[in-house]
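Each chain is listed here by its residues.
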Amino acid sequence: MDLLKDLESLQFEYGVQEEDHCWLYLQGRSRGLMIKACAHATFFCKLLCNLRESLHEKQTSKCLSTGSLHTPDDGALKVGIIGGGRLGKQLAHVLFQLVPIPAESLRISTRRPEALAEFRELGIQCFYDNPSLVVWADVIFLCCLPSQLPKICMEINSSLDKACIVYSFVAAVPIPRLRLLLNHTSILRPHYQCGDSVNIWGSKKDITAALQDPVILHATCPYNPAGGIVLNIKWLEGVFYAALNVCKAREMPHLQVLQLLNGLFLSVHFESCGKDGASCPKFQLVDFVSKVYAKNLPQRRPFPWFDLTAVQLKETPFGQHLSTRTALQDHLTQLYCDSFGVSLTNEQRPVVCPGSPSQ
């Protein structure tokens, strides 16, 4: 038995003066922000992993059918984390367990790698060499303090590949400043707004366990303002344009890309879509580019390369489409929950669209 478990004198609130109890909601808000941040990063990595795996299968099949001796790489997503503090460690645990990112595909660069023995025991490389990390990684998570960011950006900006996605948790530094510091446009930065706080986040579970709780997981859905924390939906736009860039890097024709995205991310639908799935949403070319551009794009041409910083700062065709299509919002919410293995309510439970590959 743990004799100290739930002992009142060891609880955080015990040492807080009564007149200061009104500030205790900040503790719940901080935990909620941590949970949402880790959940959204996990969803992003799951989406990229599924996409890269499908692209690898298509490339391998093409090589076999043409008798090519060139073998494509295994397509595994390589993830680097800069910063080994509280957020960096929580994120590493969540990505390792819930995506899951294999140990050989996850690395951490921090000024104190000796403090990360728990990750080394798992086979995760921990060191202090930011430039070499960004050369290796497909996705870099910035989990550092704002005061450390200029120095880190100076170290890595010349080593960043165009296709490497920098995902920043440094809330105090906006996207235009990040773009300037990194001289890079493949940047994602989730932005959270806090309103009236309702602590639904719990306090006992670690972040990984919390994200397997259906109530907490549903509260992290991009369109759910539960817990008083609201995600700016421009992040979701950035996620899908990042997926298009992954396909662009392989020069995949845009019609094949749309077919692939529909099969991977919109292959389920709700009962309201009808038995034949006729009203089930599907991605179209004009959902991502202007009508004029779409009209002049040859069928075998890939999508253009998208500036992810501009996507999150300006209006986009996908943003306009997403804001007016509640059916698409519902399907993406289902995709989000399904990626964590958590179902919606029975009334909202989707079925597989006819003719679409099962997830």
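An unreviewed UniProt entry annotates the chain as NADP-dependent oxidoreductase domain-containing protein 1 originating from Equus asinus. A UniProt comment under Function (unreviewed entry) is attached to the chain, and it reads "Probable oxidoreductase."

1. What to know about helix α14 (residues 326–339)
An ideal rise of 1.5 Å per residue puts 20 Å on 14 residues; α14 measures up with 20 Å between its terminal C-alpha atoms. Once α14 ends, the next one or two residues include Gly341, with phi positive near 75°.

2. Some details on the pairing of strand β5 (residues 165–168)
Every regular strand shows the same layout, with side chains that alternate between the two sheet faces. Residues of β5 alternate between two faces, with Ile165 and Tyr167 on one and Val166 and Ser168 on the opposite face, all of them buried. Where strand β4 (residues 139–142) lies against β5, four bridges are found, and the strand directions are parallel. By the bridge assignment, Phe141 is partnered in β5 with Tyr167. In the classification by handedness, the crossover that spans β4, the intervening helix α5 (residues 149–156) and the parallel β5 is right-handed. Taken together, the two bridges between β5 and strand β6 (residues 187–188) define a ladder with parallel strand orientation. Bridging across to β6, Val166 finds its partner in Ile187. As for the winding sense of the linkage, the β-α-β connection from β5 through helix α6 (residues 175–182) to β6 is right-handed.

3. Here we look at the nonpolar core
One finds Phe44, Leu51, Phe141 and Phe240 to be the most contacted residues of the largest nonpolar core, which totals 86 residues. For this core, the leading source of residues is helix α1 (residues 25–66), giving 13 residues. When neighbours within four sequence positions are excluded, Phe141 is seen to be in contact with Ala41, Cys45, Val79, Gly80, Ile81, Ile82, Leu91, Leu95, Tyr167 and Phe169. One finds Leu133, Val134, Cys144 and Ile187 within the second-largest nonpolar core, a separate group that totals 22 residues.

4. Remarks on the pairing of strand β1 (residues 79–82)
Where burial is concerned, the two faces of β1 agree: the one with Val79 and Ile81 and the one with Gly80 and Ile82 are both buried. Two elements, β1 and strand β2 (residues 106–109), share four bridges in a ladder whose sense is parallel. By the bridge assignment, Val79 is partnered in β2 with Leu106. With helix α2 (residues 86–98) bridging β1 and the parallel β2, this β-α-β connection has right-handed handedness. Bridge count for β1 against β4 is four bridges, and the pairing is parallel. By the bridge assignment, Ile81 is partnered in β4 with Phe141.

5. Details of the confidence of the model for the chain
Per-residue confidence for the chain gives a mean pLDDT of 87, with 81% of residues at or over 70. A low-confidence stretch, residues 346–359 (pLDDT under 50), is modelled with 33 contacts involving residues beyond four sequence positions or located in other chains.

6. Quick notes on the pattern of salt bridges
In this structure the tally under the stated criterion is five salt bridges. In this structure, Arg52 engages Asp138 in a salt bridge whose closest nitrogen and oxygen atoms are separated by 3.4 Å. Here the residue Arg52 occupies a position in helix α1, and Asp138 occupies one in the loop between α4 (130–136) and β4, the gap between them amounting to 86 residues. Both residues of the pair, Arg52 and Asp138, count as buried. For Glu237, the salt bridge goes to Lys234, with nearest N and O atoms at 3.0 Å. With Glu237 and Lys234 both in helix α9 (residues 234–248), this residue pair falls three residues apart, about one helical turn. Judged by its relative accessible area of 4%, Glu237 falls in the buried class. Looking at Lys234, the relative accessible area reads 16%, which means it is buried.

What counts, and where the lines are drawn
Residues numbered from 1 in each chain as written. Predicted model: local features only at pLDDT ≥ 70, side-chain atom pairs only at ≥ 80, totals over all residues. Heavy atoms only, no water. UniProt positions renumbered as here; feature names shortened; annotations may be inferred. Helix = DSSP H or I, 4+ residues; strand = E, 2+ residues; numbered from the N terminus. Expected span 1.5 Å × (residues − 1). Buried < 20%, exposed > 50% of the residue type's maximum accessible area, 1.4 Å probe, protein only. Pairing = 2+ DSSP bridges. Right-handed = clockwise from strand over helix to strand, strands pointing away. Core = buried A, V, L, I, M, F, W, Y, C linked by side-chain atoms within 4.5 Å. Contact = heavy atoms within 4.5 Å. pLDDT = per-residue confidence, 0-100. Salt bridge = Lys/Arg side-chain N within 4 Å of Asp/Glu carboxyl O.

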